[in-house]
Amino acid sequence: GQNIDQPTEMTATEGAIVQINCTYQTSGFNGLFWYQQHAGEAPTFLSYNVLDGLEEKGRFSSFLSRSKGYSYLLLKELQMKDSASYLCAVYSGGYQKVTFGTGTKLQVIP
Amino acid sequence: DTAVSQTPKYLVTQMGNDKSIKCEQNLGHDTMYWYKQDSKKFLKIMFSYNNKELIINETVPNRFSPKSPDKAHLNLHINSLELGDSAVYFCASTQGGARNEQFFGPGTRLTVL
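In this report, the structure presented in the accompanying data block is examined. (Residues numbered from 1 in each chain as written. Chains lettered and ligands numbered in written order. Predicted model: local features only at pLDDT ≥ 70, side-chain atom pairs only at ≥ 80, totals over all residues. Heavy atoms only, no water.)

### Let's talk about the state of the cysteines
Residue and element names in this part refer to chain A. Enumeration according to the criterion identifies two disulfides over all chains in this entry. Each disulfide pairs two cysteine sulfurs, and for C22 the partner residue is C88, the sulfurs being separated by 2.0 Å. Classification of the bridge connecting C22 and C88 rests on its S-S torsion, roughly -60°, and on that basis the disulfide is left-handed. Of this pair, C22 sits in strand β3 (residues 18-25) while C88 sits in strand β9 (residues 84-92), and the two are 66 residues apart along the sequence. When sorted by exposure, C22 lands in the same class as C88, which is buried. (Disulfide = S-S within 2.5 Å. Helix = DSSP H or I, 4+ residues; strand = E, 2+ residues; numbered from the N terminus. Buried < 20%, exposed > 50% of the residue type's maximum accessible area, 1.4 Å probe, protein only.)

### Quick notes on the sheet that holds strand β8 (residues 73-78) of chain B
All names here are of chain B. Taken in spatial order, the four strands make up an open sheet running β1-β3-β8-β7, and their pairing is antiparallel. Each edge of the open sheet carries a strand with a single partner, namely β1 (4-7) and β7 (64-70). Across the sheet, the axes of successive neighbouring strands diverge by a mean angle of 15°, strand direction being ignored. Taken together, the four bridges between β1 and strand β3 (residues 19-25) define a ladder with antiparallel strand orientation. By the bridge assignment for β3, T7 is matched with K22. (Pairing = 2+ DSSP bridges. Axes fitted to C-alpha atoms, helices over the stretch in contact; angles between N-to-C directions.)

### So, the packing of aromatic side chains
In the structure shown here, the tally under the stated rule is 17 aromatic pairs over all chains. With 4.9 Å between their ring centres and 15° between their planes, F63 of chain A and Y72 of chain A make a pair best called stacked. The partly exposed category is assigned to F63 of chain A, whose relative accessible area is 22%. Of the residues examined, Y72 of chain A reaches a relative accessible area of 16% and is grouped as buried. Ring plane angle 35° and centroid distance 6.4 Å describe the contact between F64 of chain B and Y89 of chain B, whose orientation is recorded as tilted. Pair noted here: F64 of chain B is in strand β7 and Y89 of chain B is in strand β9 (residues 87-94), with a separation of 25 residues, a long-range link. You'll find F64 of chain B and Y89 of chain B in the same group, each marked buried. By way of ring pairs, the aromatic residues F33, Y35, F45, Y48 and F100 of chain A together with Y33, Y35, F90 and F104 of chain B are connected into one cluster. (Phe/Tyr/Trp six-rings, centres within 6.5 Å; stacked < 30°, edge-to-face > 60°.)

### Focus on the side chain of R59 of chain A
Considering the arrangement of structural elements, one finds R59 of chain A in the loop between β6 (53-57) and β7 (60-65). Within the local environment of R59 of chain A, its side chain forms a polar contact with the backbone oxygen of E77 of chain A, the two atoms lying 3.2 Å apart. (Polar contact = N/O pair within 3.5 Å; in protein donor to acceptor, adjacent residues only side chain to side chain.)

### Regarding the interface of chain A and chain B
Taken together, the 16 residues of chain A in the interface contact 22 residues of chain B. Interface area for chain A against chain B, summed over the two sides, is near 1,600 Å², with a carbon-plus-sulfur share of 60%. When the area that chain A buries against chain B is broken down by residue, the three leading residues are Q96, K97 and F100 of chain A, summing to 35%. Scanning the region where chain A abuts chain B turns up one salt bridge. The salt bridge involving K97 of chain A is made with E58 of chain B; its shortest N-O contact spans 3.3 Å. Summed over the shared surface of chain A and chain B, the number is three residue pairs in polar contact (both at pLDDT 80 or more). When contributions to the side of chain A that touches chain B are tallied by element, the ones reaching two or more residues are β4 (29-37), β5 (44-49), β9 and β10 (98-100) of chain A. If one sorts the elements of the side of chain A that touches chain B by residue count, β4 of chain A sits on top with three residues. Here the side of chain A that touches chain B is composed, by residue class, of ten nonpolar, four polar and two charged. (Contact = heavy atoms within 4.5 Å. Buried area = accessible area lost by both parts, 1.4 Å probe. Salt bridge = Lys/Arg side-chain N within 4 Å of Asp/Glu carboxyl O. Nonpolar A, V, L, I, M, F, W, Y, C, P; charged D, E, K, R; others polar.)

Okay, structure coming up:
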């Protein structure tokens, strides 16, 4: 089976940096996604990591360590609109399936 | 242009009824999914179709029956609705398999009374 863990909630200040961690245990790991979901809306794609290391995309960066079963999403220069849930999701096995974690609800405060 | 659309957006119904949710994507993708997101916001895959063929069925009760008339459409029919079916149901699509970004529909909020 698969196990994906994320903190349930986090709070950070506008303009600051926040790191949202995700740990996973799975067999046949292929890659890891991060999605953003605002309240009442659909998830939207942020990043996909296959290889170890940091990938930067504007204010958002995502890191992966395959040997440690660990990823994080780094959000810089936080804005109020970044208040949302951030979902870590693992693509593993030979099936066309992505398994989502329970998500981290981030609240950005002034 | 709407990429992935679902109807209806809201659905309120009584226990025991049968209802359907429709999903359409105009992205030309070959793979479509149904997810259930419960009150704790956990997004769980239910079904996946690739070119109209069922490839994932995540031990969903038989009361749930997906149908894909063509690769742009994936509908979900639910028989004998139960209280525990209340959730937001998301349709999603992707091209070339699960290694690629999924595009989600706006969701259908189902409330069973």
